[in-house]
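# An overview of the molecular structure
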Amino acid sequence: MNFTSRIYLRKDAPRKSKKESIKKYPIYIDIRYPGVRERFTTYEAVQLKDWNESKSRVNASDVNAARINKKLRSMEKNIEALEDNYYKGKYPDPSRIKEIIFGQQFGESFTEYFGRKVEYKKARVAEATRRSYSSIYKKFKEFRKDVRFGELSVSLLQDFELYLINVKGNGPSTAAKNMKVLRIFITMAVDEDRIEKNPFDKYGISEIDSEREPLSLEDLSALEKLYWEKTLPEGRQNVLRYFLFSCYCGLRYSDIIRLKGSNIITNGALRYIEIVPQKTMAKKKKSVMIPLTEKAASLIPEVQSNRMVFEVYVNQTTNKYLKDIRREAKVQKNLTFHVARHTFATLAGKKGIPIEVIQSWLNHTNISETMKYRQVNHEETMQYLK
């Protein structure tokens, strides 16, 4: 009754890295004793040239050799302890072999990895995205202090989404956005061969389209009436001003907060905005040019070229005031800057402006994304046909 074990490279299961276009092979462990055979991945993978078959170790030519070999040595010690217990008549429970061998190395800490990658990403994304990543990482740590790579599963994803909704009080739309961010970092781990399979492959994120609906003509008119009546407190009046501006020109909150007098260009009778969108600044420096309608121009104060056009409050205050404005105007639709952009796109589409032009104004790379903004209410469309 022999106990045997080995650490080996699975040459029958090559994996192609999405980013590096090279084949890597997963490192596996095989445990056998009478009546039992357990085979499982170590959640590591290397190229053939970087694997030492005789030593069951990664060659120094691999950039991750030190880390992986340290992990393999730790696992070997746990295998030796398992074998000692076997020969002492303490037969291991087959269902716990993997847990015993990984020990505290059970796929390593995904939570720590998540945190490191958030820090790495901070220098490469826009401010709003940095805040989003940090917020979701904080929620994930509150959900469970330490999650190991080996624990990532469909069940854990389900638990986290329920935590967001039931404990954090997030709505379905916010929870879905949070899950999409988590998917970004788990996919990074897959690409770096930290885990073999992505649990999101079998987990569908609910697509919530509530923010893809534009304001109705009636709701937009109610907001315009409220603004020009000037009955709101100063702070709310100010927020309504730059919210309506977004409805008229499609700028994101992250761009309105950066909009300067120098971004407002006058060329004869034509007046337009020219700005490099914050969302794409890290990837490309291409500016967008959006013509200003009379309604949009009427909201722009006299301002010097080096000064901000609007006094924009932080996101939390802006959203709080938008809720107050919604109640005051008796508008049913939630007021967000996503809704404002959809409203702009829908109004432009109803005026017969080509979809390709609207795409350039919204700075969409893919025209299919612009099409999502163009959901038109058929009852309202009939108003234009009368």
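Scroll up to find the structure this text is about.
Since this is a predicted model, take the numbers as computed values, not measurements.

### Examining the nonpolar core
- Counting 56 residues, the largest nonpolar core has Ile27, Ile101, Phe110, Phe140, Met179 and Leu182 as the members making the most contacts within it.
- At 10 residues, helix α6 (residues 172-191) tops the list of elements feeding residues into this core.
- If sequence neighbours within four positions are ignored, Ile27 has contacts with Ile7, Tyr8, Leu9, Thr41, Thr42, Glu44, Ala45, Val46, Trp51, Val58, Ile68 and Leu72.
- Ranked by size, the runner-up nonpolar core spans 47 residues in total, among them Ile264, Tyr313, Ala329 and Phe337.

### Comments concerning the packing of helix α5 (residues 154-166) against α6
- Two elements in contact, α5 and α6, have axes separated by 10 Å at closest approach and are oriented at 145°. Seen from above, α5 lies across α6 with right-handed handedness. Between α5, through Leu157, Phe160, Glu161, Leu164 and Ile165, and α6, the contact on the second element is made entirely by Ala175, Asn178, Met179, Leu182 and Ile186.
- Residues belonging to the contact of α5 with α6 are distributed by class as follows: 8 nonpolar, 1 polar and 1 charged.

### A word on the pairing of strand β8 (residues 270-275)
- Relative to β8, strand β7 (residues 264-267) runs antiparallel, the two being bridged by 4 bridges. Within the sheet, the bridge partner assigned to Ile265 lies in β8 and is Tyr272.
- Once β7 ends, the chain turns through 2 residues before running back antiparallel as β8, passing Gly268 with a positive phi of about 65°.
- Bridge count between β8 and strand β9 (residues 288-291): 4 bridges; the pairing is antiparallel. When the bridges of β9 are listed, Ile275 appears paired with Val288.

### Considerations on the environment of Glu151
- Following the sequence through the fold, Glu151 ends up in the loop between α4 (127-143) and α5.
- For Glu151, a relative accessible area of 27% puts it in the partly exposed group.

### Considerations on the pattern of salt bridges
- Taken as a whole, this structure holds 18 salt bridges when the rule is applied.
- Notably, a salt bridge pairs Glu44 with Lys71, separated by 3.3 Å at the nearest N-O pair. Remark: Lys71 occurs in helix α1 (residues 65-87) and Glu44 occurs in strand β4 (residues 36-46); sequence separation between them is 27 residues. Summarising the burial analysis for this pair, Glu44 and Lys71 share the class buried.
- Between Lys168 and Glu142 there is a salt bridge; the shortest N-O distance is 2.9 Å. In this pair, Lys168 is assigned in the loop between α5 and α6 and Glu142 in helix α4, connecting sequence segments 26 residues apart.
- Exposure remark for Lys168: the relative accessible area of 34% places this residue in the partly exposed category.

### Focus: helix α8 (residues 234-249)
- With 16 residues, α8 extends 23 Å between its outermost C-alpha atoms, agreeing within 8% with the 22 Å of an ideal straight helix rising 1.5 Å per residue.
- Within α8, 13 of the 16 residues are buried, which leaves it mostly tucked inside the rest of the structure.
- Following α8 by one or two positions, Gly250 adopts a phi angle in the positive range, close to 80°.

### Quick word on the pairing of β4
- Of all the 11 residues making up β4, 8 are buried; the element is thus mostly covered by neighbouring parts of the structure.
- Pairing analysis gives 8 bridges linking strand β3 (residues 23-33) to β4, with the strands arranged antiparallel. Bridge assignment links Arg32 to a residue of β4, and that residue is Arg37.
- Taken together, β3 and the strand that follows it, β4, pair antiparallel across an intervening segment of 2 residues, in which Gly35 is found at a positive phi of about 85°.

### Things to note about the packing of helix α3 (residues 110-122) against α6
- It is at 10 Å that the axes of α3 and α6 come closest, and there the two elements cross at 105°. On the basis of the axis angle, α3 is roughly perpendicular to α6. Facing α3, whose interface residues are Phe110, Tyr113, Phe114, Lys117, Val118 and Lys121, α6 presents Leu182, Phe185, Ile186, Met188 and Ala189.
- Of the residues in the contact of α3 with α6, the class split is 9 nonpolar, no polar and 2 charged.

### Considerations on the packing of aromatic side chains
- Inspection of every chain in the model, using the stated rule, returns 28 aromatic pairs.
- Taking 6.0 Å as the distance between ring centres and 85° as the angle between the ring planes, the aromatic pair formed by Tyr313 and Tyr321 counts as edge-to-face. An identical accessibility class is assigned to Tyr313 and Tyr321; each is buried.
- Taken together, Phe110, Tyr113, Phe114, Tyr133, Tyr137, Phe140, Phe143, Phe149, Phe160, Tyr163 and Phe185 form an aromatic cluster joined through their ring pairs.
- Directly above the aromatic system of Tyr28 lies the positively charged group of Arg10, at a separation of 4.9 Å from the ring centroid.

### Quick look at the side chain of Arg10
- By the secondary structure assignment, Arg10 is in the loop between β1 (4-9) and β2 (15-16).
- Among residues more than four places away in sequence, those in contact with Arg10 are Tyr25, Pro26, Tyr28 and Arg39.

### A few points about unusual backbone geometry
- Backbone geometry at Lys230 places phi at a positive 55°, although glycine is not the residue there.
- In this structure, Lys230 sits in the loop between α7 (217-229) and α8.
- Even without a glycine there, the phi angle at Lys330 is positive, about 60°.

Thresholds, definitions, all that
- Residues numbered from 1 in each chain as written.
- Predicted model: local features only at pLDDT ≥ 70, side-chain atom pairs only at ≥ 80, totals over all residues.
- Heavy atoms only, no water.
- Core = buried A, V, L, I, M, F, W, Y, C linked by side-chain atoms within 4.5 Å.
- Buried < 20%, exposed > 50% of the residue type's maximum accessible area, 1.4 Å probe, protein only.
- Helix = DSSP H or I, 4+ residues; strand = E, 2+ residues; numbered from the N terminus.
- Contact = heavy atoms within 4.5 Å.
- Axes fitted to C-alpha atoms, helices over the stretch in contact; angles between N-to-C directions.
- Left-handed = near helix turned anticlockwise from the far one by under 90°.
- Nonpolar A, V, L, I, M, F, W, Y, C, P; charged D, E, K, R; others polar.
- Pairing = 2+ DSSP bridges.
- Salt bridge = Lys/Arg side-chain N within 4 Å of Asp/Glu carboxyl O.
- Expected span 1.5 Å × (residues − 1).
- Parallel < 35°, antiparallel > 145°, perpendicular 65-115°, else oblique.
- Phe/Tyr/Trp six-rings, centres within 6.5 Å; stacked < 30°, edge-to-face > 60°.
- Lys NZ or Arg CZ within 6 Å of the ring centre and 35° of its normal.

Distances and angles like these do not, on their own, reveal function.
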